[in-house]
Amino acid sequence: MITLRPHHILCFQGYIGKGYSKSFIDNMNIVVAKLKEDPSINIKLTPYADDVCKKCPHKVKNVGCTSNNKVLSMDKKVMDYLNLDFKIYSYKYLLNRLQHNITIEAFNDICSSCEWCKYGLCHEAILDKVKS
Ligand code: SF4
Ligand code: SF4
């Protein structure tokens, strides 16, 4: 079982080994490897710090994130667009929801306030999913 904030479903798609710190990247690589190894793995969605946040320098105990309002807003948008609840789903199911429900407009609405958005990798990877 992996615990995830909903917007992190999108963040995996364009991930190329960059991140906030070496320990963040090392941990992210472990999570990504688990998802690749077993796409049927169960994912528990949470509004709190998750298995990606675990080693992030922006994690704040009892709050979640230094940008908590921003990430909560992204999480809510992902849940609305993908029609999800704070429940357990297989990663495969979440990818399927992403593929069927994401649009350019939805991506921009969710991700335009993220500092990584300007590099274009997430945009390209996520919208490729829609076409595939
Ligand atoms: S733009 Fe930011 S929030 Fe959106 S998928 Fe990329 S890293 Fe995640
Ligand atoms: S920036 Fe916030 S939501 Fe993103 S990984 Fe770090 S603690 Fe988690």
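The structure under discussion appears in the preceding block.
Throughout this document, residue positions are counted from 1 along each chain, in the order its sequence is written. Both sets of labels track the order of writing: A upward for chains, 1 upward for ligands. Restriction of local features to residues with pLDDT of at least 70 applies here, the model being predicted, together with a cutoff of 80 or more for giving and counting side-chain atom pairs; totals for whole chains, interfaces and linings are based on all residues. To obtain the side-chain values, all non-hydrogen atoms of the structure were included, while hydrogens and water were left out.

A. Region of the structure containing the overall build of the chain. The secondary structure listing takes helices from DSSP runs of H or I that are at least 4 residues long and strands from runs of E that are at least 2 residues long, numbered from the N terminus. Along the backbone of the chain there are six helices and five strands. Helices (α) and strands (β) of the chain occur, in sequence order from the N terminus, as β-α-α-β-β-β-α-β-α-α-α. A radius of gyration in this sense is built from C-alpha atoms; the matching globule rule multiplies 2.2 Å by the number of residues raised to 0.38. Computed over C-alpha atoms, the radius of gyration of the chain comes to 14 Å, within 12% of the 14 Å expected from 2.2 N^0.38 for 132 residues, which places it in the range of a compact globule. For the chain, the spread of C-alpha atoms along the three principal axes comes to 35 × 30 × 25 Å. Considering the chain as a whole, with its 132 residues, one finds that 40% of them fall into the buried category. Pairs of residues are marked as contacts when any of their non-hydrogen atoms sit within 4.5 Å. Contacts in the chain between residues far apart in sequence, at least 24 positions, make up 76% of those at least 6 positions apart. Summed over its atoms, the accessible surface of the chain is roughly 7500 Å², and 53% of this surface lies on carbon and sulfur atoms. Measuring between centres, the 19 positive side-chain charges of the chain sit 5 Å from its 13 negative side-chain charges. Remark: exposure states derive from per-residue accessible area (1.4 Å probe, protein chains only) relative to the maximum for the residue type, with buried under 20%, exposed over 50%, and partly exposed in between. For the area figures, the Shrake-Rupley method with a 1.4 Å probe applies, and any residue is considered shielded solely by the protein chains shown. Residues scored as positive are Lys and Arg, those scored as negative are Asp and Glu, and His as well as the terminal groups of each chain are ignored. Charge placement uses NZ in Lys and CZ in Arg. For Asp and Glu, CG and CD serve respectively.

B. Local environment of the nonpolar core. Among the buried residues, those of types Ala, Val, Leu, Ile, Met, Phe, Trp, Tyr and Cys that are joined through side-chain atoms within 4.5 Å form a nonpolar core. In terms of nonpolar packing, the biggest core is built from 36 residues, with Leu-10, Phe-12, Leu-35, Ile-43, Leu-45 and Leu-84 touching the most fellow members. Among the elements of the structure, strand 1 (2–4), helix 1 (8–11), helix 2 (22–37), strand 2 (42–45), helix 3 (68–82), helix 4 (91–101), helix 5 (104–111) and helix 6 (121–131) are those that each provide at least two residues to this core. It is helix 2 that provides the largest number of residues to this core, a total of six residues. Those residues within four positions of Phe-12 in sequence are excluded, and the remaining contacts are Leu-4, Met-28, Val-31, Val-32, Leu-35, Val-52 and Tyr-91.

C. Quick peek at the site of ligand 1. Whether a residue is near a molecule or strand is decided by its heavy atoms; if any one of them lies within 4 Å of it, the residue is near. Close to ligand 1 lie Leu-10, Cys-11, Met-74, Cys-111, Cys-114, Trp-116, Cys-117 and Cys-122. Amino acid classes used here: Ala, Val, Leu, Ile, Met, Phe, Trp, Tyr, Cys and Pro are nonpolar; Asp, Glu, Lys and Arg are charged; the rest, including Gly, are polar. Considering only residue class, the shell around ligand 1 consists of eight nonpolar, no polar and no charged.

D. Here's a closer look at the packing of aromatic side chains. Aromatic rings from Phe, Tyr and Trp, taking only the six-membered ring of Trp, are treated as a pair when their centres fall within 6.5 Å; an angle between ring planes under 30 degrees marks them as stacked, one over 60 as edge-to-face, and anything in between as tilted. For the structure on display, the rule yields five aromatic pairs. When the centroid spacing of 6.4 Å and the interplanar angle of 90° are considered together, the rings of Phe-12 and Tyr-91 count as edge-to-face. One end of the pair, Phe-12, is in the loop between helix 1 and helix 2; the other, Tyr-91, is in helix 4, with 79 residues separating them in the sequence. When sorted by exposure, Phe-12 lands in the same class as Tyr-91, which is buried. Considering the side-chain rings of Tyr-89 and Tyr-93, the 5.5 Å spacing of their centres and the 5° angle between planes classify their relative orientation as stacked. The exposure class of Tyr-93 is partly exposed, given its relative accessible area of 38%. What links up through ring pairs into an aromatic cluster is the set Tyr-20, Phe-24, Trp-116 and Tyr-119.

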